[in-house]
Each structure stands twice: as structure tokens, then as C-alpha cells.
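# Chains, contacts and geometry: an overview
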Amino acid sequence: MFHHWYARNRYHSFSKFFAAKGITVVEATLPYHFSRGSYEYSEEQFFNANLGRTVRSIRQAVLDGRKIVRWLHRQGYNKISVVGMCLGGTVAGLIAAQEEKVDKAVLMVSPGSPADLVWTAETMKSLRDRIEPVMSLEDLRTAWGLINLELHLFGLTRPRLDMMFVLGKDDTITRPAASDRVIELLTKCNRSPEVLRLNCGHSSVGIFPYNMIAARKVLRFLKETPTLAEFWDIRGFRPLAKFKCLIAPRRHSTDAEAARFGEAIRSVWQMVRALMSSASAAVLRIIPCQSDRATRPQSMFVFDTTPVYSRAARLRAERPRSASRYARCRRASTMTRGHSVQSQTNSASSSTFRNFAQRRPASPDS
């Protein structure tokens, strides 16, 4: 997960929400932010009128993200997704385009072209006034072509990559029209992304209730858990009229109906498995090692805090093992050893029952 430009705090609630649902979250730090900055307003060096430094800073963020993805892959994570907001979303999109180990990418109110962001955003007027006297919009697009998502369509349209865009209809910073261009280009390449349009602006995506709506939609996109309404709509079943056919299909049913029946059963099983998945995930905050230059390749990572496990996982780890569960496991293991063991167990249980029925007093020596 990549935060936005000029972030003053991390997405604690957002990360813990996904960790409680069974998804491990890694909070990355962009260059010149938090402990990677040398002074209070060092975030301005990440994105400013110095065109070369801006490209190098975003390149360093992409290298850090790719190293985190490869580290997670070595730890055994098979499904890795990148999520970013604003310029962090642009970094996440570039990582998804360059790193084949990424399966899904979520871009939340993210500009496809940073040059268009400078030219159209209301908060970028001062930066535009510094660039416009010497460069036009086309010149700026050419200079920042390496960090423009529209020029990375070859990587964004690879077969095993799924993308999701979260847009604000009233966004005056990241204009929806700029993101619609990227969505249109992906659609023309037969890679239609999932789009969520909220009735909010840019920063209000993190305010209730839009933050909860976005979090639930992103969670459903990452875990692929459809709702019951979506399940019936997609499969083409009516809840009451065809429920009997779903449970027990007729003998003279066609192959198409049998295929639909099997696909429906598989979808229900996947949904049940997703709902019963354990929530033993953690929130990791990874900060690349501090260096003198933002473009220097980082060789290791620093964990600024210990993993923050979810409440459900912590309670499950602290819960003692019940005696009844242990007894059931013992009975199950005894029943699988063979007929001889079963006969011995039955004979022992019958003798114990006879002794109990006769109410024999226990001897002092026993």
C-alpha cells in the first residue's frame, strides 16, 4: 500500500480493516516522506518543478515497491496486490506494469498522467505557474513520459493482471476525465478494469461513508467474494423458480444446464471458503533504508514497528485447547487404527458399563 503525496499519517484504520479480513498489508514509505525526509517539508522534493528529480523520485519509489513485492513472493505469498492513492496510485500502477508477480492493482483517485495533474489540479496552480513560462503541456508530457501510465499499456494489459479504479465524481485535483482516458485505452485492449465512481471529491474518499464503501469494494475485488445478489444475477438463476432445479437437476437436463449447475456449486464453495478463511494477517510498515540520494538503490528494509495482528487472530492464539476437542480427536484417531483396536475399545467400554451398572465399590488398593 502506497500513501498519497504530502501524507502526514498512515492509513491505520484502512490497513487494520484488511488485516482483520485475512489480508496481510505492507505499508510502504515514499521517498522524502516520514523518516525518509531530512526536514519538515522535504515532501516537496518528491514532486516539484525540478523535472529530473521528480522522475528519479518516482523511479526510486517503483524500485522500492518491486523489491517489496519480490520479498513477499519469497516469503510464500502467491497473490500480491498493490494499492495506492493519488501519486501513490501512480506508483502502484507503474509497479504493476513492470513487475509480473503482481496480480491486482487498485488505483484510488490516481492521475494517469502527472503532467495533466499539474495542468488541471486546483492545488497545483503555483507549480504550473513555475513551469508554464518555459514549457507547454505537450512538452511536460514528453519530459514525464516515463511516469505516464498511458505509455505503459503493454505492461498494464498483460493477461494475469486485474485492475480497479476508484474515482471521485467531484474531484477537482485528479480530474475523472484524465483517468477515463486510461480506462478507455485499457478497454480498447480488451482489458476492461473495474471502476468505482463515488459522489465525492479527492480527499473525501477517506471520510465516512465513502471510505467504508471504497474499502468494502476493494476487499471484494481483492478476495473475489461475490454477494448472493451478484451470484444469482451472474449465473442467471431466479431465486424461487429455479431453486429446485439448482438443488436436484432433472435427468433430461441439457449439457448447458449441467455446466451451469457445476459452475454454481463451485462458486458457492469458493464463497464459503472465503468467508471461513482465517484472519491471521498482519500490518507491516516497511521503510527502505535511509540514503543520501533518493536514487541510490536500497539493499535492505527497516521495520519501524512489530506486526500488528488482528484482534480475531490474537484471541484465537490465546484461546486454550478444550478437553472435549482433544477427546474427539483421540476418538477419531482410535477409530482409524483398525478393527482390533475397535474391538478392544468396545470390550473395555462394555466392561466399564457393567461395573458401573452393578455399582461395585472400589477396593482400597485400587
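Model, not experiment: these values are computed from the prediction.

## Observations regarding the layout of surface pockets
Gaps between atoms show up when a probe of the same size as a water molecule is rolled over them. Put simply, the second largest pocket is a space of about 580 Å³. The wall of the second largest pocket is formed by 27 residues, among which His4, Tyr11, Met85, Ser203 and Gly206 lie closest to the centre. Listing elements by their share of the lining of the second largest pocket, those giving two or more residues are α1 (12–20), β2 (81–85) and α9 (210–223). Residues that form the lining of the second largest pocket fall into these classes: 18 nonpolar, nine polar and no charged.

## A word on the environment of serine 126
If you trace the backbone, serine 126 turns up in helix α5 (residues 125–131). Of the residues examined, serine 126 reaches a relative accessible area of 54% and is grouped as exposed. Sequence separation between serine 126 and alanine 49 is 77 residues; the distance between their C-alpha atoms is 9.9 Å.

## Focus on the sheet that holds strand β5 (residues 194–198)
Strand order in the open sheet made by the four strands is β2-β3-β4-β5, with parallel pairing throughout. Edge strands, defined here as strands with exactly one partner in the open sheet, are β2 and β5. This sheet shows a mean twist of 10° between the axes of neighbouring strands, independent of strand direction. Two strands pair when backbone bridges link them, and β2 and strand β3 (residues 104–108) are joined in this way by five bridges, in the parallel orientation. Each bridged residue has a counterpart across the sheet, and for valine 82 the counterpart in β3 is alanine 105. In this fold helix α3 (residues 87–98) packs onto β2 and β3, with an angle of close to 155° to the strand it touches most, β2. The sheet contacts of helix α8 (residues 176–188) involve β4 (162–168) and β5, and relative to β4 the element is tilted by about 160°.

## Thoughts on α8
Structurally, the α-helix is built with 3.6 residues per turn, so residues lying three or four positions apart point the same way. Over its 13 residues, α8 runs 18 Å from end to end, which matches the ideal 18 Å to within 8%, given 1.5 Å per residue. Those residues of α8 that are buried lie in contact with α7 (153–156), β4 and β5. Positive phi appears at asparagine 190, one or two residues downstream of α8, with a value of about 60°.

## Side note on empty space enclosed by the protein
Evaluation of the coordinates by the stated rule reveals two cavities of 30 Å³ or more. Reported here for the largest cavity is a volume of approximately 50 Å³. Lining the largest cavity, in full, are Met1, Phe2, His3, Arg10, Tyr11, Ser15, Glu27 and Ala28. By volume, the second largest cavity amounts to about 40 Å³. Contributing to the lining of the second largest cavity are Pro111, Gly112, Ser113, Asp116, Leu117, Thr120, Ile173, Thr174, Arg175 and Ala178. For the lining of the second largest cavity, the leading source of residues is helix α4 (residues 114–120), giving three residues. Residue classes in the lining of the second largest cavity are distributed as four nonpolar, four polar and two charged.

## Considerations on the packing of helix α2 (residues 51–74) against α3
The geometry of α2 relative to α3 is characterised by a closest axis approach of 9 Å and an angle of 55° between their N-to-C directions. When the axis of α2 is compared with that of α3, the two are oblique. In the crossing of α2 with α3, the sense of the turn from one axis to the other is right-handed. Of α3, the residues touching α2 (which contributes Ile58, Ala61, Val62, Gly65, Arg66 and Val69) are Val91, Leu94, Ile95 and Gln98. Here the contact of α2 with α3 is composed, by residue class, of seven nonpolar, two polar and one charged.

## Overview of the pattern of salt bridges
Under the defined criterion, the tally for this structure stands at 13 salt bridges. A salt bridge links glutamate 99 to lysine 101; the shortest N-O distance between them is 3.9 Å. Lysine 101 sits in the partly exposed class, given a relative accessible area of 32%. Here aspartate 162 ties to arginine 191 by a salt bridge, and the two come within 3.7 Å at their closest N and O atoms. Taken as a pair, aspartate 162 in strand β4 and arginine 191 in the loop between α8 and β5 lie far apart in primary sequence, 29 residues in all. Taking the relative accessible area as the measure of exposure, aspartate 162 reaches 33% and is therefore partly exposed. Owing to a relative accessible area of 24%, arginine 191 belongs among the partly exposed residues under this scheme. Each of Asp116, Glu138, Arg141, Glu150 and Arg181 takes part in salt bridges that share partners, so that together they form one network.

## With respect to α2
Counted at 1.5 Å a residue, the expected span for α2 with its 24 residues is 34 Å, and the 35 Å between its end C-alpha atoms agrees. Looking at α2, one finds that the buried residues are Thr54, Val55, Ser57, Ile58, Gln60, Ala61, Val62, Asp64, Gly65, Ile68, Val69 and Leu72.

## Observations regarding the side chain of serine 110
Summarising the element assignment, serine 110 is placed in the loop between β3 and α4. In this structure the side chain of serine 110 is engaged in a polar contact, spanning 3.2 Å, whose partner is the backbone oxygen of cysteine 86. Polar side-chain contacts of serine 110 include one of 3.0 Å to the backbone oxygen of methionine 108. Aside from chain neighbours lying at most four places away, what touches serine 110 is Gly84, Met85, Cys86, Gly89, Thr90, Thr174 and Ser179.

## Concerning the nonpolar core
One finds Phe46, Phe47, Val106, Met108 and Val166 to be the most contacted residues of the largest nonpolar core, which totals 76 residues. Apart from the residues lying within four places of it in its own chain, the contact partners of phenylalanine 46 are Trp5, Leu30, Pro31, Tyr32, His33, Thr54, Ser57, Ile58, Ala61 and Leu87.

What counts and what doesn't
Residues numbered from 1 in each chain as written. Predicted model: local features only at pLDDT ≥ 70, side-chain atom pairs only at ≥ 80, totals over all residues. Heavy atoms only, no water. 1 Å grid on protein atoms, 1.4 Å probe; cavity = no way out; pocket = protein on both sides within 12 Å on 5 of 7 lines; lining within 4 Å. Points joined across faces, edges and corners; volume = space filled by probe spheres on them. Helix = DSSP H or I, 4+ residues; strand = E, 2+ residues; numbered from the N terminus. Nonpolar A, V, L, I, M, F, W, Y, C, P; charged D, E, K, R; others polar. Buried < 20%, exposed > 50% of the residue type's maximum accessible area, 1.4 Å probe, protein only. Pairing = 2+ DSSP bridges. Axes fitted to C-alpha atoms, helices over the stretch in contact; angles between N-to-C directions. Contact = heavy atoms within 4.5 Å. Expected span 1.5 Å × (residues − 1). Parallel < 35°, antiparallel > 145°, perpendicular 65-115°, else oblique. Left-handed = near helix turned anticlockwise from the far one by under 90°. Salt bridge = Lys/Arg side-chain N within 4 Å of Asp/Glu carboxyl O. Polar contact = N/O pair within 3.5 Å; in protein donor to acceptor, adjacent residues only side chain to side chain. Core = buried A, V, L, I, M, F, W, Y, C linked by side-chain atoms within 4.5 Å.

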